[in-house]
Amino acid sequence: MRDAEHSTSLQAYFFLVVTTACWGMNTIFGRLAVDAVSPMQLTMLRWFGVVILLLTFYRHQIAADWQILRQRLVYLALMGSCGFTLFNALFYLAAHSTTAINIGILQGSIPIFVLLGSLLFLGYRIRLIQAIGAVLTIVGVITIATAGNWMAIAQLDLNRGNLLMLIACFSYAAYSIGLSKRPQVSAISVFAVMALVAWIASLPLLAIEIGIQGFSMPTARGWIVAILVTLFPSFLAQVFFIKGVGLIGPGRAGVFINLVPVFASFLAVMILGEQFHGYHAMALLLVLGGVGLSELGKPKPV
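Cut-offs applied
- Residues numbered from 1 in each chain as written.
- Predicted model: local features only at pLDDT ≥ 70, side-chain atom pairs only at ≥ 80, totals over all residues.
- Heavy atoms only, no water.
- Core = buried A, V, L, I, M, F, W, Y, C linked by side-chain atoms within 4.5 Å.
- Buried < 20%, exposed > 50% of the residue type's maximum accessible area, 1.4 Å probe, protein only.
- Helix = DSSP H or I, 4+ residues; strand = E, 2+ residues; numbered from the N terminus.
- Contact = heavy atoms within 4.5 Å.
- Phe/Tyr/Trp six-rings, centres within 6.5 Å; stacked < 30°, edge-to-face > 60°.
- Axes fitted to C-alpha atoms, helices over the stretch in contact; angles between N-to-C directions.
- Parallel < 35°, antiparallel > 145°, perpendicular 65-115°, else oblique.
- Nonpolar A, V, L, I, M, F, W, Y, C, P; charged D, E, K, R; others polar.
- Salt bridge = Lys/Arg side-chain N within 4 Å of Asp/Glu carboxyl O.
- Expected span 1.5 Å × (residues − 1).
- Bend = angle between axes of the 7 residues up to and from the residue.
- Patch = residues over 30% accessible without salt bridge, like charges linked within 9 Å, V, L, I, M, F, W, Y side chains within 5 Å.
- Areas by Shrake-Rupley, 256 points an atom, 1.4 Å probe, with all protein chains shown as cover.
- Left-handed = near helix turned anticlockwise from the far one by under 90°.
- Polar contact = N/O pair within 3.5 Å; in protein donor to acceptor, adjacent residues only side chain to side chain.

Visitor: Looking at this structure, how should I read the nonpolar core?
Guide: As a rule of thumb, soluble globular proteins bury nonpolar side chains together. Counting 52 residues, the largest nonpolar core has L42, L54 and M165 as the members making the most contacts within it. Broken down by element, the residue count for this core peaks at eleven residues, all from helix α2 (residues 39-69). Aside from chain neighbours lying at most four places away, what touches M165 is F87, F91, A94, I103, L106 and Q107. Ranked by size, the runner-up nonpolar core spans nine residues in total, among them I28, I101, L267 and A283.

Below is the structure:
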């Protein structure tokens, strides 16, 4: 029995580590997309590719759940637009004016925004240790947003990309909170409908982008980035995350999300050659430490 549990845990750990590595890769892809494929083109292509893959491999499961899903289409439309389209559009816009390291570390703040949102909108009670963790994470976010110079707040001299990424994190946190009300069907089916909505919602954003700056075809590198973004952060990561959660539960699986800024920072230095400064190290410690304290403060399941 213990061997079976150990094997299950190892499988889950594999799925979840690969998931967070893929999400860390997305920060690298976002930077590689600059001057190769526009932010709204990449958002549209990403979700179009995911829809094709999901219909190819999971169409029977989606069809089986459709009668329940169709009753919640408004909810799923809001979730897909907020958590997928808006988050990704802001994510790729941010990549044009901030570093992959900054994007990765700022992503680590999402669990704290989820915690605070749960307090405000779901009546979730926060323990003292969780409150301390939230404060530490916020300090880390401000450290990144100001590049270690807190006086920039008073001067309103904040990096545009960092601010866009913070808005993206708020958007994804709202999506995460909304998942507590998702239809009780296969997670893959829910993901498929939201991905379809995300693709449809990306079309007017793409039209606006073309209207403002004109149309330019993605370069060869842009097409490669779009394919990699579709396969790894979008499709493989989501499917593996669903499998990991199914094996060990959302509580234990959620902790692995803390690895995203670690992978993002490592990959940014190794692949993009970005400089890792002292304020990056401080912010990374504050964000991960704050999230860790908030996890310790969660009530234990009974």
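Alright, that's what it looks like, and here's the rest.
Visitor: Explanation requested: the packing of aromatic side chains in the structure shown.
Guide: Overall, the coordinates contain 15 aromatic pairs when judged by the stated rule. With 5.5 Å between their ring centres and 45 degrees between their planes, F48 and W199 make a pair best called tilted. One end of the pair, F48, is in helix α2; the other, W199, is in helix α9 (residues 187-213), with 151 residues separating them in the sequence. Since its relative accessible area comes to 39%, F48 is described here as partly exposed. Consider the rings of F91 and Y92, whose centres lie 5.3 Å apart with planes at 80 degrees: the pair is edge-to-face. Residue F91 is classed as buried on the basis of its relative accessible area of 0%.

Visitor: What is the right way to read the packing of helix α4 (residues 100-107) against helix α12 (residues 260-272) from this model?
Guide: To characterise two packed helices, one gives the angle between the axes of the helices and the distance between these axes. Packing of α4 against α12 leaves a shortest axis separation of 7 Å and a crossing angle of 175 degrees. Considering their axes alone, α4 and α12 lie roughly antiparallel with respect to each other. Along the contact surface, α4 presents A100, I101, G104, I105 and Q107, while α12 presents V260, P261, A264, S265, A268, V269 and L272. Tallied by class, residues from the contact of α4 with α12 come to nine nonpolar, three polar and no charged.

Visitor: I'm lost on unusual backbone geometry in this one. Help?
Guide: Negative phi values dominate among residues other than glycine, just as trans dominates among peptide bonds. Positive phi is not limited to glycine here, since D35 has a value of about 65 degrees. Here D35 is to be found in the loop between α1 (2-32) and α2.

Visitor: It is not clear to me how the pattern of salt bridges should be interpreted in this structure. Could you clarify?
Guide: Side-chain pairs of opposite charge can arise whenever the charged atoms involved come near each other. Under the definition given, this model contains one salt bridge. For the salt bridge of R31 with E274, the shortest nitrogen-to-oxygen distance reads 3.8 Å. Residue R31 is found in helix α1, and its partner E274 is found in the loop between α12 and α13 (278-296); the two are separated by 243 residues along the sequence.

Visitor: Sorry, what's going on with helix α3 (residues 73-94) here?
Guide: For an α-helix, 3.6 residues make a turn, and residues three or four places apart therefore share a direction. End to end, α3 covers 30 Å across 22 residues, agreeing with the expected 32 Å (1.5 Å per residue, within 8%). Where α3 bends most, the angle comes to about 30 degrees, and this point is S81.

Visitor: Help me understand the environment of M282, please; the structure alone is not making it clear to me.
Guide: On the secondary structure map, M282 appears in helix α13. Spatially, the C-alpha atoms of M282 and G140 are 7.2 Å apart, while their sequence positions differ by 142 residues.

Visitor: How should I be thinking about a nonpolar patch on the surface in this particular structure?
Guide: Taken together, the side chains of F266, V269, M270, I271 and F276 present a nonpolar region at the surface, about 500 Å² in accessible area. Mapped onto the fold, F276 is located in the loop between α12 and α13.

Visitor: How do you make sense of the environment of T27 when you look at a structure like this?
Guide: Topologically, T27 is positioned in helix α1. Taking the relative accessible area as the measure of exposure, T27 reaches 0% and is therefore buried. Separated by 240 residues in sequence, T27 and L267 have C-alpha atoms that sit 8.8 Å apart.

Visitor: How should I be thinking about the side chain of T230 in this particular structure?
Guide: Residue placement: T230 occurs in helix α10 (residues 220-248). If we skip the residues at most four places from it in the chain, T230 touches L45, R46, G49, V50, L53 and F235.

Visitor: Whenever I open this one, the side chain of T43 confuses me. Can you help?
Guide: Residue position: T43 is located in helix α2. Under the relative-accessibility criterion, T43 is labelled buried at 1%. In contact with T43, not counting residues within four places along its chain, are T85, N88, A89, Y92 and S202.

Visitor: So what exactly am I meant to see when it comes to the packing of α2 against α3 here?
Guide: The interhelical angle for the contact between α2 and α3, taken along N-to-C directions, is 155 degrees, at an axis separation of 11 Å. Between α2 and α3, the crossing angle belongs to the class labelled roughly antiparallel. For the crossing formed where α2 meets α3, the hand is right-handed. Counting all contacts with α2, which are made through P39, M40, L42, T43, R46, W47, W66 and L69, the residues of α3 involved are L73, L76, F84, T85, N88, A89, Y92 and L93. Residue composition of the contact of α2 with α3, grouped by class: twelve nonpolar, three polar and one charged.

Visitor: When you look at α4 in this model, what are you seeing that I'm missing?
Guide: Buried residues dominate α4, accounting for eight of its eight residues. Capping of α4 at its N-terminal end is provided by T99; its side-chain oxygen lies 3.1 Å from the backbone amide nitrogen of N102.

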